[in-house]
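# Descriptive structure summary
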Amino acid sequence: SETDYLTGKAHPVVFQGEQLDVERMVRLAHEIQPDEVPPMIQLQVVQEDQPKAGIDYFDASPSETLFDTPAAIARVYRTTARERRMIVTAATSYDANDRPLKFHWALLQGLPDRVEIKPLKDDGSLAEIKVRWHERFPVQPGSKLETNRIDIGAFAHNGVHYSAPAFVT
């Protein structure tokens, strides 16, 4: 459903083969008309906490940054700080048909009481993300496999379709 699309149910870290219906995905893609193309979301970090190696964390790596791309921002939480803060913009996102965009941010994986996502603009294009340290938790209820990975999805909506998600992880 459209509601499920904005949750981790539709965007798990790993898809199981039985979750995929490739033929249906291809059919739906072929049905999209040129004036209904979904928007393209693009993320950029505006500001973030900058822990110092040897002071705030003790690891050989020079930073917590893994990579920044328009579709994914990845960090490794190495600091001894109990909370990390980041401001992310989706302002360079676009719609091929020049429709106005609204943005939605959602916790896809993680503990809801340890993550705060606060839109800073009315259209949701700018958001403050605060993440507190996560102890390991089951990847799914009842699973023996545990993680402390956090995934936040950002979605653009053009009034017709949602974009594919971009991720802060």
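Structural data are supplied above this passage.
In this report, we go over the structure that sits alongside the text. (Residues numbered from 1 in each chain as written. Predicted model: local features only at pLDDT ≥ 70, side-chain atom pairs only at ≥ 80, totals over all residues. Heavy atoms only, no water.)

### Here we look at the packing of aromatic side chains
Summed over the entire model, instances satisfying the criterion amount to three aromatic pairs. Ring centres of Y5 and Y162 lie 6.1 Å apart, and the angle between their planes is 40°; on these two criteria the pair is classed as tilted. Remark: Y162 occurs in the loop between β10 (151-157) and β11 (166-168) and Y5 occurs in helix α1 (residues 2-5); sequence separation between them is 157 residues. What links up through ring pairs into an aromatic cluster is the set Y5, F155 and Y162. (Phe/Tyr/Trp six-rings, centres within 6.5 Å; stacked < 30°, edge-to-face > 60°. Helix = DSSP H or I, 4+ residues; strand = E, 2+ residues; numbered from the N terminus.)

### Some details on the sheet that holds strand β7 (residues 126-132)
Pairing in this open sheet of four strands is antiparallel, and the strands run β1-β4-β7-β6 from one edge to the other. With partners counted over all chains shown, the strands left at the sheet margins are β1 (44-48) and β6 (115-119), one partner each. Each neighbouring strand pair of the sheet contributes to a mean axis angle of 25°, computed without reference to strand direction. (Pairing = 2+ DSSP bridges. Axes fitted to C-alpha atoms, helices over the stretch in contact; angles between N-to-C directions.)

### A closer look at the pairing of β10
Of all seven residues making up β10, seven are buried, and the element is well covered by its neighbours. The side-chain alternation of β10 yields two buried faces, one formed by D151, G153, F155 and H157 and the other by I152, A154 and A156. Relative to β10, strand β5 (residues 102-109) runs antiparallel, the two sharing seven bridges. Bridging across to β10, W105 finds its partner in A154. Examined bridge by bridge, β10 and β11 share three bridges and lie antiparallel to one another. Opposite A154, over in β11, you have A166 as the bridge partner. (Buried < 20%, exposed > 50% of the residue type's maximum accessible area, 1.4 Å probe, protein only.)

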